[in-house]
Each structure stands twice: as C-alpha cells, then as structure tokens.
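Descriptive analysis of the structure
Residues per chain, in single letters:
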Amino acid sequence: MGRAGTTRAGVRDVAARAGVSTQTVSRVINNSPNLRPETRARVEAAMAELGYRINNAARALGTSTTRTVGVVASDATLWGPGAGIAALDAAAREADRWLATAYADAADPASVTDAAQRLLSQGVDALIVVAAHTATLPALREVAGGTPLAALHTGAGAERQRAGAALAIEHLVALGHRRIALLAGPADWLEATARDEGAAAALATAGIRPAAMWRGDWSAATGAALAGEVAEAVRREDGPTAVAAANDQMALGLIAGLVAEGLRVPQDVSVTGFDDNADAAFYTPALTTVHVDTAGEARRVLAEALGLPATAEVAEPVLVARASTAAPRG
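Residues numbered from 1 in each chain as written. Predicted model: local features only at pLDDT ≥ 70, side-chain atom pairs only at ≥ 80, totals over all residues. Heavy atoms only, no water.

**Structural notes on the overall build of the protein**
Across its full length, the protein holds twelve helices and ten strands. A compact globule built from 330 residues would reach a C-alpha radius of gyration of about 20 Å, whereas the protein, at 25 Å, exceeds it by more than 25%. Over its C-alpha atoms, taken along the principal directions, the protein stretches across nearly 85 × 35 × 35 Å. Evaluated residue by residue, the protein yields a buried proportion of 52% over its 330 residues. Of the contacts formed within the protein by residues at least 6 apart in sequence, a portion of 72% connects residues at least 24 apart. Taken as a whole, the protein presents about 14,800 Å² of accessible surface, with 53% of it coming from carbon and sulfur. Looking at charge distribution, the protein has the averaged site of its 29 positive side-chain charges lying 8 Å from that of its 35 negative ones. (Helix = DSSP H or I, 4+ residues; strand = E, 2+ residues; numbered from the N terminus. Rg over C-alpha atoms; globule rule 2.2 N^0.38 Å. Buried < 20%, exposed > 50% of the residue type's maximum accessible area, 1.4 Å probe, protein only. Contact = heavy atoms within 4.5 Å. Areas by Shrake-Rupley, 256 points an atom, 1.4 Å probe, with all protein chains shown as cover. Lys, Arg positive; Asp, Glu negative; His and termini not counted. Charge placed at Lys NZ, Arg CZ, Asp CG, Glu CD.)

**Digging into the sheet that holds strand 3 (residues 126–129)**
Here four strands make up an open sheet; going across it, the order is 2-1-3-4 and the pairing parallel. Of all strands in the sheet, those bounded by a partner on one side alone are strand 2 (98–103) and strand 4 (149–151). Ignoring which end each strand starts from, the neighbouring axes of this sheet average 25° apart. Where strand 1 (residues 68–73) and strand 2 come together, six bridges link them in parallel fashion. Bridge pairing in strand 2 places Gly-70 opposite Ala-100. This element, helix 6 (residues 109–120), spans strand 1, strand 2 and strand 3 of the sheet and lies at about 150° to strand 2. (Pairing = 2+ DSSP bridges. Axes fitted to C-alpha atoms, helices over the stretch in contact; angles between N-to-C directions.)

**Digging into a negative patch on the surface**
A cluster of acidic residues, Asp-75, Asp-105, Asp-108 and Asp-217, forms a negative patch at the surface. Take Asp-108: it is sitting in the loop between strand 2 and helix 6. (Patch = residues over 30% accessible without salt bridge, like charges linked within 9 Å, V, L, I, M, F, W, Y side chains within 5 Å. Salt bridge = Lys/Arg side-chain N within 4 Å of Asp/Glu carboxyl O.)

**Let's talk about the packing of helix 1 (residues 11–18) against helix 3 (residues 37–50)**
Running from N to C, helix 1 and helix 3 point in directions that differ by 120°, and their axes come no closer than 9 Å. Considering the angle they form, helix 1 stands oblique to helix 3. Between helix 1 and helix 3 lies a crossing of right-handed hand. Across the interface between the two elements, Asp-13, Val-14, Arg-17 and Ala-18 of helix 1 pack against Arg-42, Val-43, Ala-46, Met-47, Glu-49 and Leu-50 of helix 3. Broken down by class, the residue content of the contact of helix 1 with helix 3 amounts to six nonpolar, no polar and four charged. (Parallel < 35°, antiparallel > 145°, perpendicular 65-115°, else oblique. Left-handed = near helix turned anticlockwise from the far one by under 90°. Nonpolar A, V, L, I, M, F, W, Y, C, P; charged D, E, K, R; others polar.)

**Some points on the environment of Ala-163**
Topologically, Ala-163 is positioned in helix 8 (residues 156–175). In this structure, the C-alpha to C-alpha distance between Ala-163 and Leu-99, residues 64 residues apart in sequence, is 29 Å.

**Observations concerning unusual backbone geometry**
The omega angle of the peptide bond from Val-265 to Pro-266 is 15°, so this bond is cis rather than trans. Considering the arrangement of structural elements, one finds Pro-266 in the loop between helix 11 (248–260) and strand 8 (270–272). Across the junction of Thr-284 and Pro-285, the peptide omega takes the value -5°, indicating a cis bond. In the Ramachandran plot, Arg-67 falls in the positive-phi region, its phi being about 60° despite a non-glycine side chain. Within the element layout of this structure, Arg-67 appears in the loop between helix 4 (56–60) and strand 1. Of note, the phi angle at Ala-131 is positive, near 65°, even though the residue is not glycine. Structurally, Ala-131 can be placed in the loop between strand 3 and helix 7 (136–144). According to the relative accessible area criterion, Ala-131 is buried, its value standing at 3%.

**Considering the nonpolar core**
Within the largest apolar cluster, 48 residues are counted, with the highest numbers of intra-cluster contacts made by Val-130, Leu-183, Trp-214, Leu-254, Leu-258 and Val-271. The element best represented in this core is helix 10 (residues 220–235), accounting for six residues. Filtering out sequence-adjacent residues up to four positions away, Leu-183 remains in contact with Trp-214, Arg-215, Gly-216, Gly-223, Leu-226, Val-243, Ala-244, Ala-245, Ala-246, Met-250 and Leu-254. (Core = buried A, V, L, I, M, F, W, Y, C linked by side-chain atoms within 4.5 Å.)

Have a look at this one:
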C-alpha cells in the first residue's frame, strides 16, 4: 500500500491507518469545520505516511459535489476557443475545481448533446460552453436538466464583445475613415453575432453604412482567400479605406493576401482585428486590435455556473493601436 507497495492508497486505507471512519477522512479532505484538531492532524499524518493524493471521487464521498466542471468545446484549434479553454482551466484551479472537457462539432446539435451527456454522466457540478453556436444552447438546456449551464461571452460577456467591436470602428472613424468594410465571423456563432452588432451600432452612430461585408470562418486561410475580392473593392474610387476584421487570425490572412495583391497596409487600406492574440504585435505590420479580458470572463462564467461570489470585475475591452491603421489615403 502507498509508498511501500504498488497499489495507490485510498480513503479506506487512510481511515484504517488513522483509526477513524471514511466519513471523517472525507470531512478532512473537504476542509469541513467542527473537527477536533487532533483528529484532523491524525488523518493528515496518515495521508502523508501512505502517500495519499486527494482525488475528486474522495472529495465527493459524503457530499453532493464532484468539484468538477464540464466544458463542452468545439473549434479548439482556433485561437479564441483555445484561449477560452485555457482561461477556464486557470479559473477552475483558482477555485479549487477541475475541468472535464468534451469536444463536439458545434454545428451538429446531436454531437453537442452527446458531449454534454458524457460529461453529465460523470456527475459534473456545472456545464460551460466554449464557442457557443446559435443551436448549441437550446440543445444543451434540454439535456442539462437541473445542472447549471453557462457559456463564455454570453450575457454580460456578449455586451463586452459588442463594446469591443464598436471600439475598432470608433478608432477608424477617429482616424478619418468613412468607408469601412467588415470581415465578419461565421453567422451561426454567438460571438460573431455580438461583434456584428457592436460594429453595426458604431457605424450607425457615426452616420455611415458598411462599405462592404464579407464573412469568414475565423481562420487566416479565409482572410487570405477573400483578399482578392477585398483588393478589387479597395481599388474602386468609392471603395473601402479600412476593413474591420472580427478576429486577429482573419486579419492576418487578409493582410498577407492584400500584400500579395500589391496593396500596402495601412497606406492603401487600414485593417483592424479583434482578440489581441499573443502574436498580434508581431504581424507585418503590427496589428491594431481589441484586447478582451478572457481570463476575467472565464472567472465570471465559472462563478456564475457554480453559484460562487465573483472574485473580481471583468476588465472592459481596450483598443490597442498599432501600425496596421492610419488616416485614409488622400
């Protein structure tokens, strides 16, 4: 047993060594009050002697929680969802919780519900959705039953997505741009919808209409593939002088494609992104983008799902001005 053998020590082994019940061991594991100090010390000493490591099953013994949060995720190869999952993992560890993640094709409701059911079968305390699509949340609400359900960048998070998209437009307007085109994300993503709404509201406030609109799939490849159409529009006398892309990856591909088409950024056309990913400052040119507090949003959503008090306010989005934007050409 424990360090002396090949079998890992369990709760019963600790209880036997300390001369207490398994329920008492569980109370020590879960930091329950009203335990005699000497009893707690005896159990902790037994844990140390046996090399016992606390696990979720042990924490759940005699309680109604596994201290595990289920994450239904899709498109994790994209920067945004990947960053969201990493932020949730950090937030869970801060709250002394663990993540169990199931990946799904968010465009397929059956795939999403299957992923949720796999997590629910593990007794997770809550479900959190990363990269929520239009059909995702209704499908999950049916499956979740009484298990709390939340999603990144919805509710208050969606409002910050709108505000961030508006910042990009306001920045371009302040530089003097009046012909601003949009490179939007996929229409079935809730984050894309929020960013569309924010950009549209800021354009309306400035009294201008979108000069053009293209829709991509968040990838740099999409931005590059659309660059020919964008370049053709830019070259027209009344063409856009700026393009606000809904994320940094599409902006990266667009800039590369525009350069290949013989256009200069920002001299011929300004480009903005959204997310302020770790590489945005190293694009050529460095990308003007919107920084969002993904870590704060993850803490907010985790607290909401678990019914915990919020530990800190989520920072508002910030426009990070770099070299990819300038006043429009003469």
